[in-house]
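# Chains, contacts and geometry: an overview
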Amino acid sequence: MRNSKSTRLSSPRIIIMGFGLVILIGTILLALPLASEAGESIGILDAFFTSASAVCVTGLIVVDTPSAFTTFGEIVIMFLIQVGGLGFMTFGVIIAILLGKRIGLKERLLIQQSTNTSSAQGVVRLSLNIFLISVVIEAISALILTFRWMGEYGFMRALYYGVFHSISAFNNAGFALWSDSLMQYVGDPVVNLLIAFLFITGGIGFTVILDVSRKRSWKDLSLHTKLVLSVTAVLIVVGTIMIFALEYNNPATLGDLSTTDKLWASFFQGVVPRTAGFNTLDITSMMAPSLFFIIFLMFIGASSGSTGGGIKTNTFAVLVLSVFSTIRGQSDTQIYQRRIELQFVMRSLSVIIISLGVVLVSAFLLTITERNSMENLDFLTILFEATSAFGTVGLSMGLTYELSPLGKIIIIFTMFIGRLGPLTLAFALAQASYKQSYRYAEEKILIG
């Protein structure tokens, strides 16, 4: 009996294998000469990196997307982004329903793990809602972008651009069909507002979207929704102000822009690090304080149950609230007249410590593998790239283009861990848990 239990795959392991399979399929397709503008394969490693970046909705690239890939290759990337953002289990539910298949308890538990929900009850309906919400938001946004770009590119090309960037933005991927990302639209209100709306909406999570749509007042919202919306609003405001203040006189970024364009650029670049990966300013020309602040935002990332990565806004909020409660001498962590259970505080702490470990280990390994790849390579650049990969952001200071083969593999694994979540991987790799039948005597230690 023990052997049969030990060989049975757990939900996290199935999810990891599922994402790995999607990445493998994407690698094969992107390695085909049909996907390359040059008419010959871009190579297995570069195809593997691009596929992993798309499925993990990161946006880091080792080859220039618009010039390296054909329309076929770009469509493959777009499909991988959609599957990676919504989760392969969501698509599995849709296919099962279309085929008239019954979704059993095991599949519901998998969906629960994949969508990061607290209960297996109602997960099928949640998957359907996720799919419908995504399709509706992406379709409407694609049409708006089509009308915006129709004068420049014609209807069909504008429609294609609109669909691609709507999917990329809503899923927080950051892939763009221009080599400079969105820098040419630095002061464009339509592009700035719509792309930002898409990745912010995708980043707050589907449970939050559904909760807001069903409740009539702030008082009726769940604590999770209130935390996510509050922290998101604070980070948007703080991010905009910090980028505006730090880059105001930098001639390579905001310095030569008009006041209106400075505000648009500050807003966009202040919210993008929350896992989106587009840029309207030259990242490599930003000041060191701005880059360090962006690293902080990338580490926090989006919210639980969303298309984004990072430690998540609610995780960050719970730990900050716990610290304030400790400073005040309170035994409970409280917010909005609700108490947060200790297990969630400890889980938040675990997520942050594991995540910090992943980023630092990745950065440490990159200092070894990339020491000869770029002249005057500093640790800030390496830390920026490692955090961007873990947070599935996609912003880059130029290191990704110059990565060695080993460096590419390190970043691939970092993106994969960042997309699935440190706790999911930890649970998947851990041995079967057991309930301890005894407790040791308690003893105090000195802290601080």
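Note that this is a predicted model, so its numbers are computed, not measured.

## With respect to the overall build of the protein
Each helix and strand counted, the protein has 19 helices and 2 strands in total. Every one of the 448 residues in the protein was classed for burial, and the buried ones make up 52%. Sequence separation of at least 24 residues holds for 70% of the intrachain contacts in the protein that already meet a minimum separation of 6. Of the roughly 21,900 Å² of accessible surface on the protein, 64% is carried by carbon and sulfur atoms.

## Regarding unusual backbone geometry
Unusually for a residue other than glycine, Y336 sits at a positive phi of about 50 degrees. Position of Y336 relative to the elements: it lies in the loop between β1 (333-335) and β2 (338-340). Here Y336 falls in the partly exposed class, since its relative accessible area comes to 34%. With phi around 60 degrees, Q337 is a residue other than glycine that occupies positive phi space. Mapped onto the fold, Q337 is located in the loop between β1 and β2.

## Points about the packing of helix α11 (residues 206-214) against helix α12 (residues 223-247)
Each pair of packed helices can be described by the angle between their axes along with the distance between the axes. Two numbers describe how α11 lies on α12: the axes approach to 10 Å, and their chain directions differ by 105 degrees. Between α11 and α12, the angle is such that the two are roughly perpendicular. Contact residues: α11 offers T207, V208, D211 and V212, while α12 offers H224, T225, V228 and L229. When the residues that make up the contact of α11 with α12 are grouped by side-chain class, the tally is 4 nonpolar, 3 polar and 1 charged.

## Focus: the nonpolar core
A general feature of soluble globular proteins is that nonpolar side chains tend to end up buried together. Among the nonpolar cores identified, the biggest contains 111 residues, and I195, F199, F278, F384 and M415 are the most heavily contacted of them. Ranked by residues supplied to this core, first place goes to helix α14 (residues 288-300) with 8 residues. If we ignore the near neighbours within four places in the chain, the residues touching F199 are A169, N172, F268, V271, V272, A276 and F278.

## Some words on the confidence of the model for the protein
Looking at the protein as a whole, the pLDDT averages 86, with 84% of positions reaching at least 70. In the model, residues 1-7 has pLDDT below 50 throughout and makes 0 contacts with residues more than four positions away in sequence or in other chains.

## Describing helix α18 (residues 405-420)
Because an α-helix packs 3.6 residues into every turn, residues spaced three or four apart end up facing the same way. Over its 16 residues, α18 extends 23 Å from the first C-alpha to the last, a length consistent with the 22 Å expected when each residue adds 1.5 Å. Among the residues making up α18, those that are buried are G407, K408, I410, I411, I412, T414, M415, F416, G418, R419 and L420. Of the residues trailing α18, G421 is marked for its positive phi of about 95 degrees.

## Let's talk about the pattern of salt bridges
Considering all chains together, one arrives at 4 salt bridges under this definition. Its salt-bridge partner being R148, residue E152 comes within 2.8 Å of it at the nearest N-O pair. One end of the pair, E152, and the other, R148, are both in helix α8 (residues 123-153), 4 residues apart, so they sit about a helical turn from each other. With relative accessibility at 24%, the residue R148 sits in the partly exposed group. A salt bridge links D211 to K215, with the nearest nitrogen and oxygen atoms 2.7 Å apart. Residue classification places D211 among the buried residues on the basis of a relative accessible area of 10%. Via salt bridges that share partners, R148, E152 and D188 belong to a single interconnected network.

## Here's the deal with the environment of I75
Secondary-structure assignment places I75 in helix α5 (residues 71-86). I75 sits 40 residues away from A35 along the chain, and the two C-alpha atoms are 9.3 Å apart.

Rules used in this analysis
- Residues numbered from 1 in each chain as written.
- Predicted model: local features only at pLDDT ≥ 70, side-chain atom pairs only at ≥ 80, totals over all residues.
- Heavy atoms only, no water.
- Helix = DSSP H or I, 4+ residues; strand = E, 2+ residues; numbered from the N terminus.
- Buried < 20%, exposed > 50% of the residue type's maximum accessible area, 1.4 Å probe, protein only.
- Contact = heavy atoms within 4.5 Å.
- Areas by Shrake-Rupley, 256 points an atom, 1.4 Å probe, with all protein chains shown as cover.
- Axes fitted to C-alpha atoms, helices over the stretch in contact; angles between N-to-C directions.
- Parallel < 35°, antiparallel > 145°, perpendicular 65-115°, else oblique.
- Nonpolar A, V, L, I, M, F, W, Y, C, P; charged D, E, K, R; others polar.
- Core = buried A, V, L, I, M, F, W, Y, C linked by side-chain atoms within 4.5 Å.
- pLDDT = per-residue confidence, 0-100.
- Expected span 1.5 Å × (residues − 1).
- Salt bridge = Lys/Arg side-chain N within 4 Å of Asp/Glu carboxyl O.

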